[in-house]
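Breakdown of the fold
As a plain string of letters, each chain reads:
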Amino acid sequence: MTIQLPDVRGALRTYEPRTEPLALTPGAPLASRTVFSAAHVVADPFADVSPDSAAAVDWDATLAFRRHLWSHGLGVAEAMDTAQRGMGLDWAGAAELIRRSAAEAKAVGGRIACGVGTDQLTAGTLAEVRSAYEEQLALVEASGAQAILMASRALAAAARGPEDYVEVYGHLLRQASEPVVLHWLGPMFDPALEGYWGSSDLDAATDTFLEVIAAHPDKVDGIKVSLLEAQREIDIRRRLPQGVRCYTGDDFNYPELIAGDEQGFSHALLGIFDPLGPLAAEAVRVLDTGDTAGFRALLDPTVELSRHLFQKPTRFYKTGVVFLAWLAGHQSHFTMVGGLQSARSLPHFARAYELADGLGLFPDPKLAEERMKNLLALYGVTQ
């Protein structure tokens, strides 16, 4: 059984899919690392909407995917960038997602943390930014979920310098009822966040970020750093106050950052752990035994797929994530909110399929092959 896959030159090549998936089943809870998967949302393919309409979500399939992640011992990072916050999912949709997922987490005993942002606003004053953050923080805390204070496009536009970030975040941390996760999302994920923390100089921005944490260490559970620079994350990790965790958001270098070194390690909050969920959980269970080499042996081969999905323009990685969820049978279609299924090319999809199949990520390789052939036929590729 073979399949013809297109490359970036438009030529077809023959690929032989594997016949058996990697054997991965739910196991013991994860012990040595706290690991969150930033989960995608499943669109309703029958909704009569356009890319600029409010998102139409298939709630049953969306919650089923979260139960899949929880069953493998992973936490769910909800209403984050992977769920298309600001790229198809507006605040009203995100609020409903938070309420439903938090209730589901409570029902099944799953861990959940939810994104708190300012996407009610397109622009505003600092006072309006604070108010938008407060509204979202109140909803997340009322749902019973942990809060993740996300980077804000509106704050990036309104802030005049580092002091405004210190003031806004300090205000929010003082009123948070439980310790939160601070999220620094780099401009490769969202160009509107260029110069976050008051400077495009990352050294200066890092100093401001750490100043906020140092002033409120009892209100910061941890930080998520998504800058795709492993050494910078390590440097920040080593400067954190005692008890404040680092959750890696580096989808290029996560195995080495989670494994850590003699001075510490990172926990994880990653979009790539949406398609890699069961494999990532199994790797961490191996790490729980002290077998770092075994952990790396499982997780290192996944980096090529992750780097492919997160290649520039990085913000469109969500398309590959949903594509793989469709191939894996977690949803019946490849439709995304905002029409984002069109954001990647056919050669990109073909390579993603090949890499994921090679890793054994598809529970039913034959189903994945059939769906890949259906997509190819839609693009005019005959087998």
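Everything that follows concerns the structure shown earlier in this document.
Residues numbered from 1 in each chain as written. Predicted model: local features only at pLDDT ≥ 70, side-chain atom pairs only at ≥ 80, totals over all residues. Heavy atoms only, no water.

**Observations regarding the sheet that holds strand β9 (residues 245-248)**
Selection criterion: Following DSSP output, two strands are said to pair if at least two bridges run between them. By the criteria applied, helices consist of DSSP H or I runs no shorter than four residues and strands consist of E runs no shorter than two, each listed in order from the N terminus. Note on geometry: axes are C-alpha line fits, over the in-contact stretch for helices, and angles between N-to-C directions span 0 to 180 degrees.
Spatially, the eight strands close up into a barrel ordered β3-β4-β5-β6-β7-β8-β9-β10, and their pairing is parallel. Sheet twist, expressed as the mean angle between neighbouring strand axes with direction ignored, is 25°. By the bridge criterion, two bridges tie strand β6 (residues 146-149) to strand β7 (residues 180-185) in an arrangement that is parallel. Bridged to Leu149 within β7 is Leu182.

**Thoughts on helix α2 (residues 91-108)**
Quick reminder of the rule: Multiplying 1.5 Å by the helix residue count minus one yields the expected span of that helix. Throughout this description, buried means an accessible area under 20% of the type-specific maximum (1.4 Å probe, protein chains only), exposed means over 50%, and partly exposed covers the range between.
Given a rise of 1.5 Å per residue, 18 residues ought to cover 26 Å, and the 25 Å separating the end C-alpha atoms of α2 matches this to within 8%. Taken residue by residue, α2 has Trp91, Gly93, Ala94, Ala95, Leu97, Ile98, Ser101, Ala102, Glu104 and Ala105 as its buried positions. Following α2 by one or two positions, Gly109 adopts a phi angle in the positive range, close to 80°.

**Remarks on unusual backbone geometry**
Backbone torsion omega between Lys312 and Pro313 reads -10°, so that peptide bond is classified as cis. With respect to the helices and strands, the residue Pro313 is situated in the loop between α11 (303-309) and α12 (317-327). Phi angles above zero are rare outside glycine, and Ala79 is one such case at about 55°. Considering the arrangement of structural elements, one finds Ala79 in the loop between β4 (75-78) and α2. By relative accessible area, Ala79 is classed as buried at 0%. Phi angles above zero are rare outside glycine, and Gln84 is one such case at about 70°. On the secondary structure map, Gln84 appears in the loop between β4 and α2.

**A short note on the environment of Ser200**
Heads up, the rule is: In what follows, residue pairs with any heavy atoms lying within 4.5 Å of each other are defined as contacts. Within 3.5 Å is the distance limit for a polar contact, defined as a pair of N or O atoms, with the added protein rule that one can donate a hydrogen and the other accept it, and that residues adjacent in sequence qualify only through two side-chain atoms.
Note on placement: Ser200 falls in the loop between β7 and α6 (202-215). Spatially, the C-alpha atoms of Ser200 and Pro187 are 9.9 Å apart, while their sequence positions differ by 13 residues. Once residues lying within four places of it in the same chain are set aside, the contact partners of Ser200 are Glu194 and Gly195. A distance of 3.0 Å separates the side chain of Ser200 from the side chain of Glu194, its partner in a polar contact.

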